[in-house]
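# Analysis of the macromolecular model
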Amino acid sequence: MHRAVRNAFFFALIHCIIYAYINKGTAAFGVYAASKAAIRSLVRTWTTDLKDRRIRSNVVSPGPINAPMANRQSPEVIARIVSTIPMGRMGEPEEVAKAALFLASEESSFVTGIELFVDGGRAQI
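Let me begin by describing the structure that accompanies this report. (Residues numbered from 1 in each chain as written. Predicted model: local features only at pLDDT ≥ 70, side-chain atom pairs only at ≥ 80, totals over all residues. Heavy atoms only, no water.)

### Topic: the overall build of the chain
For the chain, the count of helices and strands is 4 helices and 3 strands. Secondary structure of the chain in N-to-C order comes out as α-β-α-β-α-α-β. For the chain, the residues scored as buried account for 29% of the 125 residues in total. Summarising the internal contacts of the chain: among those between residues at least 6 apart in sequence, 76% fall at separations of at least 24. (Helix = DSSP H or I, 4+ residues; strand = E, 2+ residues; numbered from the N terminus. Buried < 20%, exposed > 50% of the residue type's maximum accessible area, 1.4 Å probe, protein only. Contact = heavy atoms within 4.5 Å.)

### A short note on the nonpolar core
Soluble globular proteins: nonpolar side chains tend toward being buried together. V60, I65, V96, A99, L103 and V118 form the largest nonpolar core, which has 6 residues in total. Among the elements that line this core, the one with the most residues is helix α4 (residues 93-104), at 3 residues. Setting aside its immediate chain neighbours within four residues, V60 contacts I14, H15, C16, I17, V96, A100, L103, L116 and V118. (Core = buried A, V, L, I, M, F, W, Y, C linked by side-chain atoms within 4.5 Å.)

### With respect to helix α2 (residues 30-49)
Taking 1.5 Å as the rise per residue, α2 with 20 residues should run 28 Å; its terminal C-alpha atoms sit 28 Å apart, in good agreement. Within the span of α2, buried status applies to K36, R40, V43 and T47. Each buried residue of α2 lies within a common arc of 50° when the element is viewed along its axis, so the set occupies one face. Away from its buried face, by an angle of more than 90 degrees, α2 presents the exposed residues G30, V31 and D49. The inward-facing, buried residues of α2 contact β1 (11-16), β2 (55-62) and β3 (115-118). (Expected span 1.5 Å × (residues − 1). Arc of directions from axis to C-beta.)

### A few points about the packing of aromatic side chains
Each aromatic ring pair is summarised here by two numbers: the centre-to-centre distance and the angle between the ring planes. Across all of its chains, the model carries 1 aromatic pair by this definition. Measuring from ring centre to ring centre gives 6.1 Å for F29 and Y32, while their planes differ by 75°; the resulting arrangement is edge-to-face. On the basis of relative accessible area, F29 is assigned to the partly exposed category, the value being 29%. (Phe/Tyr/Trp six-rings, centres within 6.5 Å; stacked < 30°, edge-to-face > 60°.)

### Considerations on the sheet that holds β1
Across the sheet, which stays open at both edges, the 3 strands sit in the order β1-β2-β3 with parallel pairing between neighbours. This sheet does not close on itself; its edge strands, each paired only once, are β1 and β3. The sheet shows a mean angle of 25° between the axes of neighbouring strands, direction not considered. Taken together, the 6 bridges between β1 and β2 define a ladder with parallel strand orientation. Bridging across to β2, A12 finds its partner in R56. Taken strand by strand, α2 contacts β1, β2 and β3, and its axis lies near 160° from that of β2. Of the strands in this sheet, β1, β2 and β3 touch α4, which is tilted by about 165° from β2. (Pairing = 2+ DSSP bridges. Axes fitted to C-alpha atoms, helices over the stretch in contact; angles between N-to-C directions.)

Below is the structure:
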């Protein structure tokens, strides 16, 4: 019985949406925020649309990540960004990858329709 439950869903769709202050209502980000909200809404809709095909659909939303593009910013800009993250640091690409791998694995076989923030708590405050 346990194995049958774990294998009930065998395919996972994972959508990664990078956000830049979209959860805070930042000026001049209206169209960008709307496009990200549309993806989140589609994932929730796909949760019901694809259930009979046994496909799970989730969103990964990374926060500020220590990647080449971020490293182009001045130390002052990086410090300002880090000051908005409860964990006090930028994330690493591997941390986002691990979250996506979790959602693609059998370990998340009962997880669908969610948005998983990988942002050090930034979106929650």
